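Each chain is listed here by its residues.
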Amino acid sequence: MTADDAMMVKRPLVLDKAHAEGGGYLRLAIVLGLLMLAMTILSLFVGYARLDVPQALADSFHGARSLPALVLIELRLPRALLGCLVGFSLGVTGAAMQGLLRNPLAEPGVIGVSGAAALGAVIAFYSGIAAVFSLALPLGGVVGAILAAILLYALVGRGAGTMTLILAGVAITTFAGALTSLVLNLSPNPYAAMEIVFWLMGSLVDRSMPQVWLVLPLMIVGWILLLSSAAALDALTLGEDTAQSLGFNLSRLRLQLIAGSALAVGSAVAVTGAIGFVGLVAPHILRPFVDHRPGRLLLVSGFGGAILLLGADIVARLLPIYPELKLGVLTSLIGAPFLFSLIYRLRQEA
Amino acid sequence: MRIETRGLGAQLGGATVLEDVRLDLRPGEMVGLIGPNGAGKSTLLRVVAGLVAPSAGSLRYDGKTLNEIGRAGLARQLSFLPQDGEAHWPLRVDHVVALGRLPHRRPFAGMSAHDHEAVERALVAAEVAHLRRRTVGTLSGGERMRALIARALAVEAETLLADEPVSALDPLHQLRIMRLLTSTARDGACVVAVLHDLTLAARFCDRLVLLSAGRVLLDGPPSKLSDGLIEEAYGVAALRGEHCGQPFVLPWSPLSG
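The present account deals with the structure reproduced in this document. (Residues numbered from 1 in each chain as written. Chains lettered and ligands numbered in written order. Predicted model: local features only at pLDDT ≥ 70, side-chain atom pairs only at ≥ 80, totals over all residues.)

All right, on to the overall build of chain A then. Looking only at helices and strands, chain A features 16 helices and zero strands. Relative to its length of 350 residues, chain A is compact, with a C-alpha radius of gyration of 20 Å against a globular reference of 20 Å. Taken along its principal axes, the extent of the C-alpha atoms in chain A is 60 × 50 × 35 Å. By residue count, 51% of the 350 residues in chain A fall in the buried class. A sequence separation of at least 24 residues applies to 78% of the contacts in chain A between residues at least 6 apart. (Helix = DSSP H or I, 4+ residues; strand = E, 2+ residues; numbered from the N terminus. Rg over C-alpha atoms; globule rule 2.2 N^0.38 Å. Buried ≥ 20, exposed ≤ 12 C-beta atoms within 10 Å, placed from the backbone. Contact = placed C-beta atoms within 7 Å.)

Shown next as structure tokens:
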């Protein structure tokens, strides 16, 4: 047995009681979708300033530019929406990458798009363009992710297998990380370096509606690419030969998933910085509820990722800690022990 | 579907694995693909399944090339069972078998009533209906192979290519799976199985294709599998016998040398 095999989940985990038949799956998706919506709305109600949300909503509907309306529209709404969009992107991409690589330890950035997106944003920041033009930061991130996807596809080519994809992803992540450090190293002013480091930690604080409008279309295209791979990911469960013999074109599938994750995760990282573990944990928690079927995991994992991220962001604001914990720090603090337990469980099953 | 190869060659990593292979596959026939390790049996199966591009010669499905018929079109007519079939996630048996219906399904559509019936037929034929709610990881080797065969049967394709379907199994499961494959052929499909056991091959197959060093040494009924051919291909001397009118072939001793 190879190390790769050892990482595969061979047996059902504890939650396998809930058998998700067709109706069960639909119910699960609807419940999680509604829960995601509820968390997004709940996120509007949480914040440091006291805010009468219905009043603020009424004001903004009537076009009154009152302070509550401004807080709601300019601060709370983009934060809640981005929490939802970014969480969904991380969850669905995590599930897609785990399905493609057939490995429960894969995370959304495994092929290098998160690292490259962070680098792109940091360069936009460092070069000073971001100070002149506020959308330069997320745009830089998106460009970074897309360049990484093109580089990855050039490296991996049409015929290469899973292992090459992982190695190329590691190479891209490492190189992007080195360049990010180089930028920090060359930063003339410690304040700018500090700001970059804080941005890299990942946060939803002080985001704006234009950022939402910038990433929303990119994310939607990414989601469509990822969600439409469901049947191919199911077929891949039985290996690449079987998947091909069932009529799926694997090089097209790889291209589709690389492009989809670059768009979804690239734009997520571009607006929020790196937020770890959500894309790893969400699919893992939900997998038993869809009977471990990788295709059905995609959508519910997106909902789950959004719920987790919104929940973490709400907790970050409620915790009596100042300065506020960065969202990426919080998710890693919760996520890393989860990863330990996952590894421990996989080791027992191996 | 009739599959024809003429002058077929294949290369793996620059080495020639198949050379000048002529093969005709017709519905209703049980074909045993035999030969020593490295003779090119798996490669031939993978070339015919459209998984490896041939380096020479022609490959036609009802007179059409793979490009003309399309990968998705071929998937509805040809089902492939790889050698080390394994499920990478702990899927339930019925979900694994349902994967065989993927070539027939429209994008984003669920399983039709016809799909459900096909899955049910496959589960029953492979005798795994009682295991349907078990996850594949919890099955024994023989049960898992039957579940994977059920997956391949669920495609309800006219051609079934199976790479060493019985090699890892105990005698009882070997016999059961050979019976299952022959009955699939009797129902009108063309079944090609890579086999190492010459007795099983001679007994259950209508036709044997013996490969050695990438070339076809024999393509004919099992009665044509002579001692000379076995010695030439495998380098062993074989014992022969007959029981109730059925021949058996036992590799007995390595040729001295």
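Before going further, it helps to examine the overall build of chain B. From N to C terminus, chain B includes nine helices and 11 strands. The C-alpha radius of gyration computed for chain B amounts to 18 Å, which stays within 12% of the reference 18 Å derived for 257 residues, consistent with globular compactness. Once the C-alpha set of chain B is aligned to its principal axes, its extents read approximately 60 × 40 × 35 Å. Among the 257 residues that make up chain B, the fraction classed as buried is 46%. Of the contacts made within chain B by residues no fewer than 6 positions apart, 64% connect residues no fewer than 24 positions apart.

All names here are of chain B. Ordered in space as 5-6-7-3-8-9, the six strands form an open sheet in which the pairing is mixed. Because the sheet does not close on itself, it has two edges, and the strands there are strand 5 (78-81) and strand 9 (215-220). Taken pair by pair, the neighbouring strands of this sheet meet at an average axis angle of 15 degrees, ignoring direction. Here helix 7 (residues 171-186) sits on the sheet in contact with strand 3 (30-34), strand 6 (159-162) and strand 7 (190-194), set at roughly 155 degrees to strand 7. (Pairing = 2+ DSSP bridges. Axes fitted to C-alpha atoms, helices over the stretch in contact; angles between N-to-C directions.)

Turning our eyes to something else, we now look at the interface of chain A and chain B. The partner chain B presents 24 residues to the 24 residues of chain A that form the contact. The set of elements that each furnish at least two residues to the side of chain A that touches chain B consists of helix 11 (230-236) and helix 12 (240-245) of chain A. No other element matches the four residues that helix 12 of chain A contributes to the side of chain A that touches chain B. Its residues assigned to classes, the side of chain A that touches chain B shows eight nonpolar, nine polar and seven charged. (Nonpolar A, V, L, I, M, F, W, Y, C, P; charged D, E, K, R; others polar.)

A few words on helix 1 (residues 41-48) of chain B. Residue and element names in this part refer to chain B. Burial within helix 1 is extensive, with seven of its eight residues counted as buried. Looking only at helix 1, the buried set comprises Lys41, Thr43, Leu44, Leu45, Arg46, Val47 and Val48. Of the residues trailing helix 1, Gly50 is marked for its positive phi of about 80 degrees.

This part is about the nonpolar core. With 189 residues, the main nonpolar core has Ala145 of chain A together with Leu33 of chain B as its most contacted residues. If we skip the residues at most four places from it in the chain, Leu33 of chain B touches Lys41, Leu44, Leu45, Val192, Ala193, Val194, Leu195, Val209 and Leu211 of chain B. (Core = buried A, V, L, I, M, F, W, Y, C linked by C-beta atoms within 7 Å.)

What follows deals with the sheet that holds strand 4 (residues 56-61) of chain B. Residues and elements named next belong to chain B. A sheet is described by the order of its strands in space; here three strands give the open sequence 2-1-4, paired in antiparallel fashion. Pairing within the sheet leaves two strands with one partner each, and these edge strands are strand 2 (15-25) and strand 4. On average, each strand axis in the sheet is tilted by 30 degrees relative to the strand beside it, whichever way the strands run. Taken together, the five bridges between strand 1 (residues 3-12) and strand 4 define a ladder with antiparallel strand orientation. Bridge pairing links Arg6 to Ser58 in strand 4.

Following Tyr322 of chain A, the chain continues to Pro323 of chain A via a peptide bond in cis, the omega torsion being 0 degrees. With respect to the element layout, Pro323 of chain A can be found in the loop between helix 15 (294-318) and helix 16 (327-349). The phi dihedral of Asp206 of chain A is positive, around 55 degrees, even though this residue is not glycine. Of note, Asp206 of chain A is situated in the loop between helix 9 (190-200) and helix 10 (209-227). The exposure class of Asp206 of chain A is exposed, given the 10 C-beta atoms found within 10 Å. Here Glu164 of chain B, not a glycine, exhibits a phi torsion of approximately 45 degrees, which is positive. On the secondary structure map, Glu164 of chain B appears in the loop between strand 6 and helix 7. C-beta crowding within 10 Å serves as the criterion here: with 21 such atoms nearby, Glu164 of chain B is assigned to the buried category.

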